Amino acid sequence: KSTMTKTTPDNDDNDMTTPSRWTQSILPKHETHAHQFLIEHPEYDGRNVRIGILDTGVDPGAIGLQNGTSDGKVKVVDVVDCTGAGDVDVSTKATISITTTNNDGQDCDDSNDTTSNDKKVVVTVKGLSGKTIELNPSWTIADDTVYLGIKAAYDLYPAPLKKRILSQRMKLFNAQQRRKAVEVREQLTALEAELVSSSGKKKSSNNYAEKQKEKEHLEYLLSNTTQAYATVTEFAAYDPGPMLDCVVFHDGVHWRAYIESESSDGMSSNDDEGDDDANKVAMSSNQKVALANYGLFQEYAKGLGTAESMFNYAVNIYDDDNTDTTADKNSNSNNGTTTSASRLILSIVTDAGAHGSHVAGITSAYHNSPDHDLNGVAPGAQIISLKIGDARLGSMETSSAYTRCLLAAIRCRCDVINLSYGEAAALCNTGYHAQLLKELAEVHKCVFVSSAGNNGPGLGTVGAPGGSMEHVIGVGAFVSPGMMHAEYSMIMKDENLANQQEQKQPQYNAFLHGTPYTWSSTGPTHDADFGVDIIAPGGAITSVPNWTLNRSQLMNGTSMSSPNASGCIALLISACKAEGVPYSVNLIKRAVLHTAVRVDGVSILKQGWGMIHVCAAWEYLKKHSAAARSASARSDDDLDCHFRIRVMNNGVVNRGIYHTVGKNDSQNGTNKYNVQIHPTFPSHDTTPEMQTRRIEAEWHVNLVASHDWIICPEHMVLLHGGKSFGLHIVSNHVDLVAGAHVGHVRGFVEDVDGGGSRCLFQVPVTVIVPLAAGNTTMMKDDDDGAVVDIGEVTFEPAQARHYFLTPPSGATWMDVTLTSNNDAAIAEVDGQKQDSSNSNNGMLVLHVLQKLPHTPYRDNECKKYITLSTHTTVVSIPIQSDADTIELCLARYWSAVDTTNVSCKVQYRGIQPSPSNVVLCGASFPSPMQIMVHSAVQDEMLTVNAKLAKWRTPLRPIARGVITKMTNIRDAYPENDVHCRSLHTMVLQYECTLSSSDSFTPRIPALQGYLYEAEMEGQFIICHDSCKKVLGFADAWPSEISCSKAVGTEKGDCKVVLRLQLRHEHVSVLEQFQQLEIWIERKLKDALSLSAYPTHGAAIMANVKGYSDGTNCKQRLKRGKTATVFLAGPNVEKLPKGHKCGDILLGSVTYCSSDANLMGAGKKPGGFPLKYIVGTAPLPEKASTKDDGASEDEEVSAEEKIQEEILKLKCSSLEKLMSSAVKSKETEANEPNAAATEKTEFEVLYEKLVAEHPTHLPLLLIGLKYYDDEKRRADNLARVIQACDNIMSRVDENEMAMHYGVAHDEEDPSVKKKCKDMDEKKVLLVEALARRARAAADAEGDGNVISFEDAMKHLRKWVPDVDSSTKYAVLALEKDRRAQRTGLVLKLLDKLLKTDDATTGSICVLSRKKLWERKIEVLRELQYDHLAELESSRLTSAYPNAYALF
């Protein structure tokens, strides 16, 4: 049971750690003595301190954050979206329209008699969505110029908000559908009644046929209006959500932005059934507000997208000339004098989740009363919201956003940074951001606090940067008894009642034991530092954004302990500023760590120095800062000095010692390490004063080891140049039993005033003793193989036990067997029987980890939450071949209230293949690989199961990347940057064609998998379709992206465009990646099974017909024996469609199967890696030489053939000129002043060829297509009809009719040739007839032109199915439009939209976009406004004007 023990004396009353009322633990402050500090120093409550919240974003309107600070200042000073997820390209320039209307909406002019009081100024502009936006007439818009952009609200909404809005919109959509369905059903019922009454009349009459068409029209409308959605998931695939029209302008002083967020698409919540237009509430133009950059006036708006969303947002406006538009008018940046920019970017700043506001609430929420229980730790502190959670990635952070956050924290002068984010890291204290973190501390005096991670209870699970960077304070999570009561409403059996089990009604009291949360991450780090520096309360109920529709919420995690500690540090800095106490980041960190309160019974790896103690830390600061101000206190020069620790061992540099007993131990049991201590003053300060301090620095250090098994010198003289000393680990010491042992060597110096000593540095030491080394009796080696029987273990609540195993050679997995030994697995609560499986009281955590170099712990961990019962649970865990030691951690969940007994046994299993990683090279014939398999642990059943499940294709960029300097202020280093750095970027573009049903994952093996420790400053991928619509995003940890969202991919292929942005400050780094190869990974729809053979001959002859030697490799492999199998690649015809040479198929292979006589899961979980490299394509089949019969051109002379080919070539060349339409030089020379009669080069050449070949129909068709082109036809309809008539006059339709009216002997070459000629003429005739009909429709009103109806009758003679053929879709649409059968028009449009390239090859190619626009027009004609607006939004999102911004 954990209790707190103070490691430093203080004068606090012990009762100060216990809240006087339970509500004080809702947001805990007593555990850290922050509550006591605020009572003693009410004005040191964080005032004059800025805390940077690097998180999902902070809602400035959240309760507790909207009230300001305790001293009346603005709470949220600035909000910055560092991710770019809210960026909108607003470089589209437009001019506003200003009109004056009267109260009736009619335009007024100076001649009107209307008085000025009745006049209204209307300012409008057409947005990129196509809607007309009415602006506030009171705004000052410089030069009447605005800049437009558009953004989908769903791209900004957090997932819970999006789900809520989708649900509301689905309900409203279904209601509007029902209303329209009632109208259509009434019309259809009336029509059916008419048809019934006229049933006795002839059905062949035109009137009856028209009524049937009308019925079909209404039936289709009814099918559209009765379409309703049952689930939000279904509706989400259809609804694009509100589209945000963005308008940016300059008011002569500042840039401002207005976002059209009111619902004008018929999807407002005011549109419930029964409402009419009079009841709808719309915002008037005079109520609309244009926001300036948030940092100027702290303005924000409510209800982004829809009013009911309650989604608050702010804006920042940037341009690309490195102008800071957030600066005030007195700064030397953009002060409002610049009213234009080459490219404007509007940043819509929202939050990507509730997490950030909750974190901000813990640090400094203020509820209008200094002693309010729900106040944050530092209610006087101000907040800088630096959004690192990218909404495009589900609030995942990115490396580039991390850089932007750090740079913004410098610009905003943050005193404290809190980062409640983190990832598992492969390396520590390295990467691009390591130097920036150092500068943040040394140059800018900013304390960086971060969560340690929620990945415990196993060792080595601290995340980055919280546990991996030496300039960061890593915080673990603690839960106190007060928190258990107030936040979790827990009950606890009274431990003083001995006969409680005999009572029918158990008794409970308020005595609970504080403990770190089970999931709170545990050290050490990869480089042997303890990782966790301190602990703080890891749960709170506090502020959340308005969109959650809650004022507060319970959250727990190290994400909550970190801001609690940040708030405590803000109190200390506030006190230092108020009293003029000089401080440095190193001094603050030393004060916090060295005065922390240790929790008894908890490992240092879990708690670091202990619970932060604000009062004791403040006393430390006052004492040592006062000494620093004394001229005689030269020995206190360590107060702003950082002592860097480096331990050298076998060429590896660490921050501590991590020693495993039995691994490279010396023969005498004493293992030697060299420890180096390097004092480092701020590297940027090279002034004579600082150089003098470096020269005079000298510390007389006393070295103290924490345990007898650590041997070190007693004293050391430390100078600025550093000092090293030897440190020995006595691995055979009697105290080093099996388990984890943690110690340290600390360096102390005496205080100048003789008041004691202080610690300068600590060398962490972790020693791991495996079970085999510490207790050999637990290891068995019998007929059942290698077994570790841990036996029965008793667990107290929240207790964790760590066992370290050394797997035997050849083991590839292990089966962990857990059995509950409790007498009953049923808990009794309030007299009712409760199954312990329904609560955390019966929960046990199994956490197995394998520590490998340069590998994050997550890659080799297995964590299971197991509900205890009377049953036995077996968990199979793979063993990495390079793992020397495996940690098996068992922990009782923190909320448990009883002890429990569990038995644990580990049995090693497996077959070891050689090679373990199988790589097969593709070939058109069998190319088997020989694999030796060995069973070293126990008898196993050998059965080979190999499958290929993934397909990777390499891609090269379409062009070398171009490197440019980044000029956006978010990416700019401070002006006084000592290194004069600037960031550069490079965008690489890749293209590929995938199936519309494919999902893919972009892979960059050279870069992905690293974030906080990455050397590349930033990487980000945006995937688009051919229309520039975004399909998905990828970063350091890519996820699967679906092609199904691409435009027009209902069937067929999808062109995918991937754009990769790389960022770094050094151009030379980016130059290495200008032709970077990436991979597209897809899952195979059906995994390819590979065959294994017992012999090489069987593998080679497997595909030979009639040969059968069997493929059965199954056999019982005795312990210590070796067998051989041959694995062959798949047949070429089974490879996925579209494969090419160099593609790679990935999968796994297992060599074991279950057997009735063998225990355990039966095979290695996950199997061994399997790779197949696709080879060259096989040669094509030999072409057929079959004689096709007599040549059709036997009677054609050679000269005629040549002339025919020449004419074909001329026609082909002429077609290539159709699109260019360049004015000919001949026309320029002959008619220089006749602009109206200018002819293009095509027209000149065409007329020449027609004069030479006036009857050549293909040539005449080229001319027809030229004049009927969309760019020219409006002015040339008469010429189009004339060209059609010209073609038709040269075709004898009577002769053609007679030809097709009889059968022909196609065996006769002459007849065959004539049939071919007739077919070609018919095609030309039909093309001319169809184009004439379309031109007639557009030229209606001209008495000299044939009517559309007559033209269609003529066309039907040769194309009976003209109404149903997609080739003539434009004519069918026109026919139904004229008949006012909009339902049939809609039906045909839907048909065309569902078919890829439906009108390709037709007389008028209708692009999908044109069809979509036409559908929207039809819906508006039908007054289906809700459908029209939804389709309009879908169209806008499907066809963006440009690629998405990074």
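Below or above, wherever it landed, is the structure these notes cover. As the structure is a computational prediction, the values presented were derived from the model and not from experiment. (Residues numbered from 1 in each chain as written. Predicted model: local features only at pLDDT ≥ 70, side-chain atom pairs only at ≥ 80, totals over all residues. Heavy atoms only, no water.)

**Description of the sheet that holds strand β7 (residues 120–126)**
Under the convention used in this document: A pair of strands counts as paired when DSSP detects no fewer than two bridges linking them. Secondary structure elements follow DSSP: runs of H or I no shorter than four residues count as helices, runs of E no shorter than two count as strands, and numbering proceeds from the N terminus. To get an axis, a line is fitted to the C-alpha atoms, and for a helix only the part in contact is used. The angle between two axes follows their N-to-C directions and goes from 0 to 180 degrees.
Read from one edge to the other, the open sheet built from three strands follows the order β6-β7-β8, with strand pairing classed as antiparallel. Each edge of the sheet is formed by a strand with only one pairing partner; in this case those strands are β6 (97–101) and β8 (132–135). The sheet shows a mean angle of 35° between the axes of neighbouring strands, taken without regard to direction. Two strands pair when backbone bridges link them, and β6 and β7 are joined in this way by five bridges, in the antiparallel orientation. Residue pairing in the sheet places T100 in a bridge with V121 of β7.

**Some details on the nonpolar core**
To keep it simple, the criterion reads: Joining through side-chain atoms within 4.5 Å is the link that ties buried Ala, Val, Leu, Ile, Met, Phe, Trp, Tyr and Cys residues into a set, and such a set is a nonpolar core. Buried means the residue's accessible area, taken with a 1.4 Å probe over protein chains only, is under 20% of the maximum for its type, while exposed means over 50%, and partly exposed covers the values in between. Note on contacts: a residue pair is in contact if any heavy atoms of the two residues lie within 4.5 Å.
L346 and L1371 are the most contacted members of the largest nonpolar core, which has 179 residues in total. Broken down by element, the residue count for this core peaks at eleven residues, all from helix α24 (residues 1309–1338). In this structure L1371 touches A1330, A1333, R1334, F1348, M1352, L1355 and I1403, once residues within four positions along its chain are discounted. If you look at the next biggest cluster of nonpolar residues, it comprises 39 residues, including I384, L407, C446 and Y1012.

**A few points about unusual backbone geometry**
With omega at 15°, the peptide bond leading from G456 into P457 counts as cis. Within the secondary structure layout, P457 lies in the loop between β19 (447–451) and β20 (472–479). Cis geometry marks the peptide bond from G523 to P524; its omega dihedral reads 5°. Relative to the assigned elements, P524 resides in the loop between β23 (515–516) and β24 (534–537). The phi angle at D143 is positive, at roughly 60°, despite the residue not being glycine. Notably, Q1380 is not glycine yet its phi reads approximately 60°, a positive angle. Taking relative accessible area as the criterion, Q1380 reaches 64% and is therefore assigned exposed.

**Details of the sheet that holds strand β49 (residues 912–914)**
Here four strands make up an open sheet; going across it, the order is β49-β51-β63-β61 and the pairing antiparallel. Two strands bound the open sheet, and with one partner strand each, they are β49 and β61 (1092–1093). Sheet topology places β61 next to strand β63 (residues 1122–1127); two bridges connect them, and they run antiparallel. Its bridge partner being in β63, A1092 is matched across the sheet by L1127.

**With respect to the environment of H1096**
With respect to the helices and strands, the residue H1096 is situated in helix α17 (residues 1096–1100). A relative accessible area of 42% places H1096 in the partly exposed class. Placed 32 residues apart in sequence, H1096 and A1128 show a C-alpha to C-alpha distance of 9.8 Å. In contact with H1096, not counting residues within four places along its chain, are P928 and F1126.

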